[in-house]
Amino acid sequence: MGFGRKVLDASFESKRMRDIFTWSLIVSVAESTIRLATPLVLAAFGGLFSERSGVINIALEGKMLAGAFTAAAVTYAADTRLGVGTASPWIGLLGGMVAGLFIAVIYAVSCIKYKADQVVSGAAINILMIGIPGFLSGALFLSSGSTPQIPKDHLLPQSPWLIALVILLLLAAISYVLYKTPFGLRLRSVGENPEAADAAGVSVSRIRYSGVLLAGVLAGLGGAYLSIGQSSLFTRNMTAGRGFIALAALIFGKWRPVPTLLACLLFGFTEAVSILLQGVYKLPSGEDIPVQFINMVPYVLTIVVLAGFIGSSRPPRALGIPYEKEK
Amino acid sequence: MTKLARELLFPLIAVLAAFIVGGILILLIGDNPLVTYRLLFGSALSWPDGIGYTLFHATPLIFTGLAVLVGFRCGLFNIGAEGQLYIAAFATAWVGITFANLNPWLLIPFCFLAAIFSGAFWGAIPGVLKARFGSHEVINTIMLNFIAVALVSYFTQYHYKVPGDPILQTSPIGEGAHIARLGKFIPGFPERIPLNVAFLLALLCCLLVYLFLWRTKWGYEIRATGSNPSAAEYGGISVRTQIVLAMAVSGALAGMVGINEVLGYRYRYYDGFSDNYGFTGIAVALLGRNHPVGVILAALLFAALQHGGIYVDGFSEHVTKDIVQVLQGIIILFIAAEAFFKWVLGGRFSMHRLRANV
């Protein structure tokens, strides 16, 4: 009798343990999904403004790198030189946004003013931004491509639920601007039919400048979150293609705010799962589980969606075409 | 003559302007640009190491430069050379490992074909996607780069690595698949310098690409598609076929990087070997004005920079070899904006007209 009770207890106990384990697993995956999706969301929302105005943004990667490096460098400087302590990550965050903006100005001038090919300029920015952080960190920190470590309590807040709230507010703001304001209407019309917008008295280049510069600020912000939020320093090429994943999410989200956010969450989820599998579980042979196939998911999905296999994803009609005013 | 002068003038201005901007950046961080530039170029002409390594580094850049060029001439932007060369290098190594005991006279051509056809296959995918579904080749090639890197790293790690090897690389290819290093034929040129037969193959490819684009019907149709797709279609050219063909040829050229890397240098597939060759290929093609001869010159410039970067790292106080990437980025930016200058001057070549069919 006593023995039977013991078994019952044990099985009850282990089920409860399993439940707790499952629940904490779900929570931890959800939290890391939000954390990993955040830089993607910021960059993708940036790309949204740029691409809806008709300017392709493969330079998101470069802008994120600029933001990430500058944010870490400025935070470190504010911490050690100015001694502002816990205020330093906010100064760093501002630095990251300014860096993204600065790169966006170069990009905008070459694409809009000089009507350079947008993909070529974007590729140039990306190559430039692989080099610049290394170049500057060698000079500033005598290191080969990374900034010094920033103390843990001088980083951005990392509570995933707080960040989720910020992202939701941002989503609301962006949807409002895009669909409910005159600026949003002009932005979309310039991306779809610049000739008509021009005829209606809208300055195509001014709207496109705004779109590209906003993209720079948001991508810089995304990069900053990567270096002084998720991590505590900048390391060489730390974005590791996240700018391109953000671009993929934008396409997967059909250039609309809510689906783009969902796509970023999906891609953040795949990254969270691959990290989880990599760290915890092993194959019987002792090797890590092949996460390469999970890592491929965002890219494969983007190709599939772009080809129109799952619903169609149609880019803004004037995307990538420099606008030339008729004389 | 004036046409040639103009073709040479713009790249030279872009390079010069980039070096001036780069020089200002170097001054700003407290080094002497002249010293840096002497370190960058001073070693490139030394015999045998400087010249040997410059030509060795130029080899993959000529291949990727040609790959991007063929795409451009058809109005396509192949950003996917990076993925194509990874797939091809792995395929080359796979053949070299699997058929290691084959007679070299069979094995080497077999490896060559593996590089060429696997590259062509990976390049043709975005071509087909564009021709069949109209989806943008820029996005698809970017996505396929990541997929390629993940795929080959999976196969290397789980199927072709020597057990216990801490480095992510395959087991070595059969000795019959090795192609000769040029040191074997040139007296006084040591065989430790990895410059190999693939360099001669790269030069041959420049000639072949020239003949293909300007002397064959297919090449003519590719260029016609590139300069005006609707006119080409009206003239009876199947634009869709040309897109797939151009992307396949482009991928094949990028794939030949695998021959240099696997058969002539490391004799195995080494994961992550590419030093951004695919992306530098964009710079090479643009600076080379989308002409095979220009590609050779531009590849030599970037290869010299790449080799000189090591000396900058070793001998200067603040500047690191990252200056090479910086200069490369600035050069492309200037070239991109240069289309504007050319447009002002009434030139016939214009970047956005080149891609007007996207």
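Quick note: structure is the one above.
Below, the structure is looked at part by part. Because the structure is predicted, anything quoted here is derived from the model rather than measured.

Attention now moves to the interface of chain A and chain B. Taken together, the contact between chain A and chain B spans 47 residues of the former and 47 residues of the latter. For the chain A and chain B pair, buried surface summed over both sides reaches about 4,300 Å², with 78% attributable to carbon and sulfur atoms. Our enumeration of links across chain A and chain B arrives at one salt bridge. A salt bridge links Asp-322 of chain B to Arg-236 of chain A; its shortest N-O distance comes to 2.9 Å. Across the chain A-chain B interface, the total number found is three residue pairs in polar contact (both at pLDDT 80 or more). Sorting the residues of the side of chain A that touches chain B by element identifies helix H3 (88–113), helix H4 (118–141), helix H9 (242–252) and helix H11 (292–306) of chain A as the ones contributing at least two each. Considering each element in turn, the side of chain A that touches chain B owes the most residues, 15 residues, to H4 of chain A. Its residues placed into classes, the side of chain A that touches chain B shows 33 nonpolar, eight polar and six charged.

Below, the discussion takes up helix H2 (residues 33–42) of chain B. Residues and elements named next belong to chain B. Listed as buried for H2 are Pro-33, Thr-36, Tyr-37, Leu-39 and Leu-40. Projected down its long axis, H2 carries its buried residues within an arc of 155°, all on one side. H2 presents Leu-34 and Arg-38 as exposed residues on the side facing more than 90 degrees away from its buried surface. Measuring from the backbone nitrogen of Leu-34 back to the side-chain oxygen at the start of H2 gives 2.9 Å, which picks out Asn-32 as the cap.

For the bond from Trp-47 of chain B to Pro-48 of chain B, the omega torsion is -5°, close enough to zero to count as cis. Positionally, Pro-48 of chain B belongs in the loop between H2 and helix H3 (49–73). Positive phi outside glycine occurs at Ala-240 of chain A, with the angle close to 45°. Locating Ala-240 of chain A in the fold gives a position in the loop between helix H8 (204–230) and H9. Residue Tyr-267 of chain B is not a glycine yet carries a positive backbone phi of 60°. Of note, Tyr-267 of chain B is situated in the loop between helix H11 (257–266) and helix H12 (277–287).

Take the packing of helix H2 (residues 60–82) of chain A against H4 of chain A next. Residues and elements named next belong to chain A. At a minimum axis separation of 8 Å, H2 and H4 run at an interaxial angle of 15°. On the basis of the axis angle, H2 is roughly parallel to H4. H4 is crossed by H2, and the crossing has left-handed handedness. Packed against H2, whose contacting residues are Glu-61, Gly-62, Leu-65, Ala-66, Phe-69, Ala-73 and Tyr-76, the element H4 presents Ile-125, Asn-126, Met-129, Ile-130, Pro-133, Leu-136, Ser-137 and Phe-141 at the interface. Residue composition of the contact of H2 with H4, by class: eleven nonpolar, three polar and one charged.

On to the side chain of Thr-320 of chain B, then. Summarising the element assignment, Thr-320 of chain B is placed in the loop between helix H13 (292–315) and helix H14 (322–344). On the basis of relative accessibility, which here comes to 11%, the residue Thr-320 of chain B falls in the buried class. When neighbours within four sequence positions are excluded, Thr-320 of chain B is seen to be in contact with Gly-134, Phe-135 and Gly-138 of chain A together with Val-312 and Asp-313 of chain B.

Right, let's talk about a nonpolar patch on the surface for a bit. All names here are of chain B. On the surface, Leu-4, Leu-8, Leu-12, Val-293 and Leu-297 cluster together into a nonpolar patch covering about 490 Å² of accessible area. Listing elements by their share of the nonpolar patch, those giving two or more residues are helix H1 (2–28) and H13. Per element, the largest residue contribution to the nonpolar patch is three residues, and it comes from H1. Mapped onto the secondary structure, Val-293 falls in helix H13.

Quick notes on the rules
Residues numbered from 1 in each chain as written. Chains lettered and ligands numbered in written order. Predicted model: local features only at pLDDT ≥ 70, side-chain atom pairs only at ≥ 80, totals over all residues. Heavy atoms only, no water. Contact = heavy atoms within 4.5 Å. Buried area = accessible area lost by both parts, 1.4 Å probe. Salt bridge = Lys/Arg side-chain N within 4 Å of Asp/Glu carboxyl O. Polar contact = N/O pair within 3.5 Å; in protein donor to acceptor, adjacent residues only side chain to side chain. Helix = DSSP H or I, 4+ residues; strand = E, 2+ residues; numbered from the N terminus. Nonpolar A, V, L, I, M, F, W, Y, C, P; charged D, E, K, R; others polar. Buried < 20%, exposed > 50% of the residue type's maximum accessible area, 1.4 Å probe, protein only. Arc of directions from axis to C-beta. Axes fitted to C-alpha atoms, helices over the stretch in contact; angles between N-to-C directions. Parallel < 35°, antiparallel > 145°, perpendicular 65-115°, else oblique. Left-handed = near helix turned anticlockwise from the far one by under 90°. Patch = residues over 30% accessible without salt bridge, like charges linked within 9 Å, V, L, I, M, F, W, Y side chains within 5 Å. Areas by Shrake-Rupley, 256 points an atom, 1.4 Å probe, with all protein chains shown as cover.

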